[in-house]
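Take a look at the letters that make up each chain.
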Amino acid sequence: MQEGGFIRRRRTRSTKKSVNYNELSDDDTAVKNSKTLQLKGNSENVNDSQDEEYRDDATLVKSPDDDDKDFIIDLTGSDKERTATDENTHAIKNDNDEIIEIKEERDVSDDDEPLTKKRKTTARKKKKKTSTKKKSPKVTPYERNTLRLYEHHPELRNVFTDLKNAPPYVPQRSKQPDGMTIKLLPFQLEGLHWLISQEESIYAGGVLADEMGMGKTIQTIALLMNDLTKSPSLVVAPTVALMQWKNEIEQHTKGQLKIYIYHGASRTTDIKDLQGYDVVLTTYAVLESVFRKQNYGFRRKNGLFKQPSVLHNIDFYRVILDEAHNIKDRQSNTARAVNNLKTQKRWCLSGTPLQNRIGEMYSLIRFLNINPFTKYFCTKCDCASKDWKFTDRMHCDHCSHVIMQHTNFFNHFMLKNIQKFGVEGPGLESFNNIQTLLKNIMLRRTKVERADDLGLPPRIVTVRRDFFNEEEKDLYRSLYTDSKRKYNSFVEEGVVLNNYANIFTLITRMRQLADHPDLVLKRLNNFPGDDIGVVICQLCNDEAEEPIESKCHHKFCRLCIKEYVESFMENNNKLTCPVCHIGLSIDLSQPALEVDLDSFKKQSIVSRLNMSGKWQSSTKIEALVEELYKLRSNKRTIKSIVFSQFTSMLDLVEWRLKRAGFQTVKLQGSMSPTQRDETIKYFMNNIQCEVFLVSLKAGGVALNLCEASQVFILDPWWNPSVEWQSGDRVHRIGQYRPVKITRFCIEDSIEARIIELQEKKANMIHATINQDEAAISRLTPADLQFLFNN
Amino acid sequence: MYRSRNRPKRGGENEVKGPNSALTQFLREEGISAENIKQKWYQRQSKKQEDATDEKKGKAEDDSFTAEISRVVEDEEIDEIGTGSGTETERAQVSYDARMKLVPADSDEEEYETSHISDTPVSLSSANDRESLTKKRQNTAKIIQNRRRKRKRAADLLDRRVNKVSSLQSLCITKISENISKWQKEADESSKLVFNKLRDVLGGVSTANLNNLAKALSKNRALNDHTLQLFLKTDLKRLTFSDCSKISFDGYKTLAIFSPHLTELSLQMCGQLNHESLLYIAEKLPNLKSLNLDGPFLINEDTWEKFFVIMKGRLEEFHISNTHRFTDKSLSNLLINCGSTLVSLGLSRLDSISNYALLPQYLVNDEFHSLCIEYPFNEEDVNDEIIINLLGQIGRTLRKLVLNGCIDLTDSMIINGLTAFIPEKCPLEVLSLEESDQITTDSLSYFFSKVELNNLIECSFRRCLQLGDMAIIELLLNGARDSLRSLNLNSLKELTKEAFVALACPNLTYLDLGFVRCVDDSVIQMLGEQNPNLTVIDVFGDNLVTEKATMRPGLTLIGRQSDSI
């Protein structure tokens, strides 16, 4: 590494010279790049003064000056020397930390002597050169880098101390904002107070991470209402939640806020249109799309076009990201689109800010733009920048040092060590660093903590374990042995990681088989030739006779839909599509459709089933039917939500339930916001409609379905927080019925193991977010290893 | 024309309106039409012709009759359609096969889209096809009617509606509750007055029907502060609301004021019951001795304490479920204040209770008869020792024992508890040990051989996964055989057909055999013959039960796949 550095420096000297001058003038250290023995000789003195300096730091919190820089020279000057003195610096650093954290007096006096001793030995070693180097205890790269960072960026030293010394959050209630029609609960008023004060603080925003269903939306609306002069605000939400935001804002503010929904084809391209609105609502997808069109352009017949983004050219007062874990991948274009918005205040709302890796937190911190956590620092000079700019892929555009010499503050102090050590030793320190930071920028209340305020019903989670019947067991076993053989051959060849996607597919197949064999067997590419697809009428759920199609692309028997339409005789304005519940428009005399294979592949799995009455259900589907049947009685109506992550499974279930006489509605990803809205309304307002089918991804977040009180999760998902969220759809304010969440699991399949894995993950999440000390001990390094290396 | 009652009901659909008479309306709703009857006659004719081929199907009786017909008709139709438009389908077939090869792989994880579909319409307009077209239309109509009938039947099964014709009383009650729900939706402001009036109008309704009305209202989720007024009668002694989630705390108070003579009160899903109203109930209902609360999760420790102090000496039955604020302290308050009078206690899904060991000390009433401990938060909290101690205390008089979801219980509880402390001539009527997967055949066989359960009416071993044939056979050799009315063997996967040979109970009416995989058509037939009073068998997940199963008239299978698919 040392050599490489030198060579490169020489090669690029001509170009770098000017930059070097800059550095010199900035640092006021003329000797920066020269490495002389004289300095080595000085090292003793330097270190002495260093100790003093550090003491000063701790007591006076004064910024280090020239002495420090001498020391820096010492370290960077020669690599041999550097490795030798690393031990020292390590020791110093540790002492320093302790001094800062606990008490200065004792440590200083105790450690002074050993330090000098060490120093002497290292000084000797230097002269003996390389031969003795190995004997000295190894210094971790982490400590080496930390020290280097502190040298060039003295302001970083106090980051965590300052954070720790920051006044802890004291709950305080704000007063109910004028014009809010809903009465805020006590903890929501506390949240509002925090929001207001946080917006005024140096962070200019933060993360509101209350658990699901505690009214993050309401609190945010209260913030909007708190000072109407501070506008406009942009709310970025998942598509499912868009209408809900609109409805809630309208409902709770009596229309005092003017809302523009920036979504759909008719959205404006003129900035002026957005003037005068207090709140602009949009979705992540739209935001990403306009950003892409602005920066990368889009291709049309005659070349590449770029279209300036309306949203990126408005100066917002605040930007609010609902379900902010949507930008958990900081490399994604969505994250970039969000980061490029012009705004003064930034907010993230998320009930589960951490889903898989601690690194996901970084993306939020980056959006919030909290210094210095988002910056890349050079370990060789004072270069610091928010962007990773290495135009020639080797050297920093700012300081010309190589990639290896740059590090990200968050990565360095908070992430890497946890990945490396788990929550032990240096890892624990990093862990505490994260928690310290979060305490300053995040507010999280759990339902358990605020149970009395919320008045929420208890939430019961059970796992219903079933067993395959003989046929299913046979089928599963053959798939399992097959998959296992493939996997073993990957292992033998040592190409497991190369075949990750393959292995994942194998696992997916096994999970689908546990749902219903047809999910595997009726996939299109192994579609047996003699099986003919049919159009299914969505009213009678059987093969459609003379199928015709409505404008919203749902197909019915001509007769079924005709009767359905006629049943509305007088009130035609109430006529809605029986599937998606928006206004129905259908040409009853249109010619009948034919089975069209191009469209067919995109059709529901139901159209590929054997309709002649020989179709067999699966254990899991029947288990669900039984559960739903047992809920029915003549004296009460209990509504349920059914989640699955396979849309095909939902199609099958819907079809089976409808055939069994249940009234259901289904929410799927391809629906427009209006369709979703109408579907949800239909479910909420119709007593007879008892089952709501949602795919885990489409409806896992931001749905408010208080009318239902039972949740069924058909297949366990890798990530438990997705499942918690789905439970939270019904477990929220306004729910007066006891809530029960049933997870289905086929005991003799892979699902049993997934549930085991989930429990591990749940432990981790509790440890970080809920700041639960005890949970950390439940977390072994192996667990983290298991999670972080995927 | 035929009209379905399965259509989503919207507003005034069921009203008598326009030129239709009430009779037409009624016929229409019940699905009776001249066309239908004609069709049936045709079908019967064609059936006679095909008698030879249909001989085996001919055995089917009453209940499966309509299904039989629909199948026959469908078969015919498929034939006809096949010949009618043979060339077209062939052509479609060819192109289908050709295109099939181009279909790329799909992935099930993705959301598919139904939005871009470009269907090519078929031209059906050649003149000579006209006739066949109209014929086809008729057939289609028939098919669709059959489907609708099938759907209706499936829905009826789901509602456990076994008898076809409902009584006038129940029809009226349904109508009343429907109209009440409708009113509520339409007029929010004026409804209060309406209900006051309504109470006078309905003044003469009997208590039994009032209870039925309460059920119907809960079913429609229409029970709230306004409709509650219908039940405010001063002479009311017992009241059950199945879904109180919309009754506010004020509602409970008015209830307490206007019905002061209540002795038994059952409020299910009472999520808005708060401190104030619970104490109000305790104070204003001096005769209250039985209280059943489900989901009173707003009420905390302090209130429970006050409540039990007020109820001291008069609370005889107390059942509570689904709350996490009923803690160990509340339990000890209950036991200290009311333990000596309690004869019936139910604790279900109480997340904050762990100290069940308190129970044996305090439950000392000589007439204690019902004990339900269900789904403790930590399974270890309810262990063998506690139950054995409890049974030692109250086992002699116990009539109802429900220990659902106490997973920690083992054979020791059965042998050292149930067998040891329950007298040989035991009064036990209800025994439920659901989900106790550690209990084995051996212990239960021993228990059933030692103790005469002459009064056992209801028995459930749902999901006691280890139970095998011998336990069931032993139960049936016991005196319980003659008294048993309901038996739940759901998910006992170890059972084989042999267990059912012995299952011949004269009084058995309900049997749950869901997910007992060995159950097939022959078992169903046998059970039907052996148990004269059996009306319902649940067979969810029993994939060997097919439409060919022969059943005695009056016996209904629920959950059979072939009924709905």
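Here is what the cut-offs are and how they apply
Residues numbered from 1 in each chain as written. Chains lettered and ligands numbered in written order. Predicted model: local features only at pLDDT ≥ 70, side-chain atom pairs only at ≥ 80, totals over all residues. Heavy atoms only, no water. Helix = DSSP H or I, 4+ residues; strand = E, 2+ residues; numbered from the N terminus. Buried < 20%, exposed > 50% of the residue type's maximum accessible area, 1.4 Å probe, protein only. Contact = heavy atoms within 4.5 Å. Areas by Shrake-Rupley, 256 points an atom, 1.4 Å probe, with all protein chains shown as cover. Salt bridge = Lys/Arg side-chain N within 4 Å of Asp/Glu carboxyl O. pLDDT = per-residue confidence, 0-100. Phe/Tyr/Trp six-rings, centres within 6.5 Å; stacked < 30°, edge-to-face > 60°. Lys NZ or Arg CZ within 6 Å of the ring centre and 35° of its normal. Pairing = 2+ DSSP bridges. Core = buried A, V, L, I, M, F, W, Y, C linked by side-chain atoms within 4.5 Å. Domains from an automatic or database assignment. Axes fitted to C-alpha atoms, helices over the stretch in contact; angles between N-to-C directions. Parallel < 35°, antiparallel > 145°, perpendicular 65-115°, else oblique. Nonpolar A, V, L, I, M, F, W, Y, C, P; charged D, E, K, R; others polar. Expected span 1.5 Å × (residues − 1). Polar contact = N/O pair within 3.5 Å; in protein donor to acceptor, adjacent residues only side chain to side chain. Right-handed = clockwise from strand over helix to strand, strands pointing away.

(A) View of the overall build of chain B. For chain B, the count of helices and strands is 22 helices and 13 strands. The buried share among the 565 residues of chain B stands at 51%. Restricting the contact set of chain B to residue pairs at least 6 apart, pairs at least 24 apart contribute 74%. Within the structure as shown, chain B displays about 25,900 Å² of accessible surface, and the carbon and sulfur contribution to it stands at 52%.

(B) Just the pattern of salt bridges, in detail. Taken as a whole, this structure holds 36 salt bridges over all chains when the rule is applied. Residue R463 of chain B is joined to D466 of chain A by a salt bridge in which the shortest nitrogen-to-oxygen separation is 3.1 Å. In this pair, R463 of chain B sits in the loop between β9 (458-460) and α18 (469-477) while D466 of chain A sits in strand β13 (residues 459-466), so the two residues belong to two different chains. The class for R463 of chain B is buried, based on a relative accessible area of 11%. D466 of chain A sits in the buried class, given a relative accessible area of 4%. Here R485 of chain A ties to D482 of chain A by a salt bridge, and the two come within 2.6 Å at their closest N and O atoms.

(C) Quick peek at the confidence of the model for chain A. Residues of chain A with pLDDT of at least 70 account for 74%, and the chain-wide mean is 73. In the model, residues 1-134 of chain A has pLDDT below 50 throughout and makes 145 contacts with residues more than four positions away in sequence or in other chains.

(D) Expanded view of the packing of aromatic side chains. Scanning the entire structure with this criterion turns up 28 aromatic pairs over all chains. Ring geometry for W304 of chain B against F308 of chain B: centres 5.8 Å apart, planes inclined by 15 degrees, an arrangement best described as stacked. In this pair, W304 of chain B and F308 of chain B both sit in helix α12 (residues 301-310), four residues apart, roughly one turn of the helix. Overall, W304 of chain B belongs to the buried group, its relative accessible area being 0%. Among the residues examined, F308 of chain B registers a relative accessible area of 0% and is labelled buried. The cationic tip of R346 of chain A hangs over the ring face of F367 of chain A; the distance from NZ or CZ to the ring centre is 5.6 Å. Here the guanidinium or amino end of K253 of chain B rests over the ring plane of Y280 of chain B, the centre of that ring lying 5.6 Å away.

(E) Region of interest: the sheet that holds strand β9 (residues 376-378) of chain A. All names here are of chain A. Pairing is antiparallel in the open sheet, where three strands are placed in the order β10-β9-β11. Edge positions in the open sheet fall to β10 (384-385) and β11 (406-408), since each of these has one partner strand only. Bridge count for β9 against β10 is two bridges, and the pairing is antiparallel. Considered in β10, the bridge of Y376 is made with S385.

(F) The environment of S218 of chain B, seen in detail. Relative to the elements of secondary structure, S218 of chain B occurs in helix α9 (residues 207-219). A relative accessible area of 0% places S218 of chain B in the buried class. For the pair formed by S218 of chain B and K246 of chain B, sequence separation is 28 residues and the distance between their alpha carbons is 9.6 Å. When residues no more than four places from it in sequence are discounted, the contact partners of S218 of chain B are K635, R636 and T637 of chain A together with L223, S242 and D243 of chain B.

(G) Seen up close, the nonpolar core. With 120 residues, the main nonpolar core has F241, F318, F326, F461 and F500 of chain B as its most contacted residues. Summarising the domain contributions, this core has at least three residues from each of domain 1 (183-352) and domain 2 (394-564) of chain B.

(H) Examining the packing of helix α18 (residues 470-493) of chain A against helix α19 (residues 500-515) of chain A more closely. Residue and element names in this part refer to chain A. At a minimum axis distance of 10 Å, the contact between α18 and α19 shows a crossing angle of 170 degrees. Relative to α19, α18 is oriented roughly antiparallel. Along its contact with α18, which presents L475, Y476, L479, Y480, S483, K486, Y487 and F490, the element α19 presents N502, I503, L506, R509, M510 and L513. Here the contact of α18 with α19 is composed, by residue class, of 10 nonpolar, two polar and two charged.

(I) Summary view of the sheet that holds strand β19 (residues 708-713) of chain A. Residue and element names in this part refer to chain A. In spatial order, the strands read β13-β20-β19-β16-β18-β17; together these six strands make up an open sheet with parallel pairing. On the outer flanks of this sheet lie β13 and β17 (663-667), each paired with one strand and no other. Going across the sheet, the axis of each strand differs from the next one's by a mean of 20 degrees, ignoring polarity. As judged from the five bridges shared by strand β16 (residues 639-644) and β19, these two strands associate in the parallel manner. Bridged to K639 within β19 is A708. Helix-sheet contacts for helix α23 (residues 619-631) involve β13, β16, β18 (689-695), β19 and β20 (739-746), and the interaxial angle to β20 is about 155 degrees.

(J) Representation of α9 of chain B within the structure. Residue and element names in this part refer to chain B. The first and last C-alpha atoms of α9 sit 18 Å apart over 13 residues, in line with the 18 Å expected at 1.5 Å per residue. Along α9, the residues that are buried comprise N209, L210, L213, A214, A216, L217 and S218. A positive backbone phi angle near 55 degrees is found at R221, which sits one or two residues after α9.

(K) Summary view of the pairing of strand β2 (residues 233-237) of chain A. Residues and elements named next belong to chain A. Within β2, five of the five residues are buried, leaving the element largely enclosed by the surrounding structure. On β2, burial covers both faces: S233, V235 and A237 on one face and L234 and V236 on the other are all buried. Summarising the sheet, β2 and strand β7 (residues 316-321) pair through four bridges and their orientation is parallel. Residue pairing for β7: V235 is matched across the bridge by I320. Direction of pairing for β2 relative to strand β4 (residues 279-283): parallel, over a ladder of five bridges. Bridging across to β4, V236 finds its partner in T282.

(L) Fine view of the environment of R463 of chain B. With 29 residues separating them in the primary sequence, R463 of chain B and E434 of chain B have C-alpha atoms 5.9 Å apart. When neighbours within four sequence positions are excluded, R463 of chain B is seen to be in contact with R464, R465 and D466 of chain A together with E435, S436, D437, N490, S491 and L492 of chain B. Of note is the side chain of R463 of chain B, whose polar atom sits 3.1 Å from the side chain of D466 of chain A.

(M) A look at the pairing of strand β4 (residues 317-323) of chain B. All names here are of chain B. For β4, a buried count of six out of seven residues is recorded, marking the element as mostly surrounded by other parts of the structure. Examined bridge by bridge, strand β3 (residues 290-294) and β4 share five bridges and lie parallel to one another. Opposite D294, over in β4, you have S321 as the bridge partner. A crossover connection joins β3 to the parallel β4 through α12; in handedness this β-α-β unit is right-handed. Running through helix α13 (residues 328-338), the crossover from β4 to the neighbouring parallel element strand β5 (residues 344-350) is right-handed.

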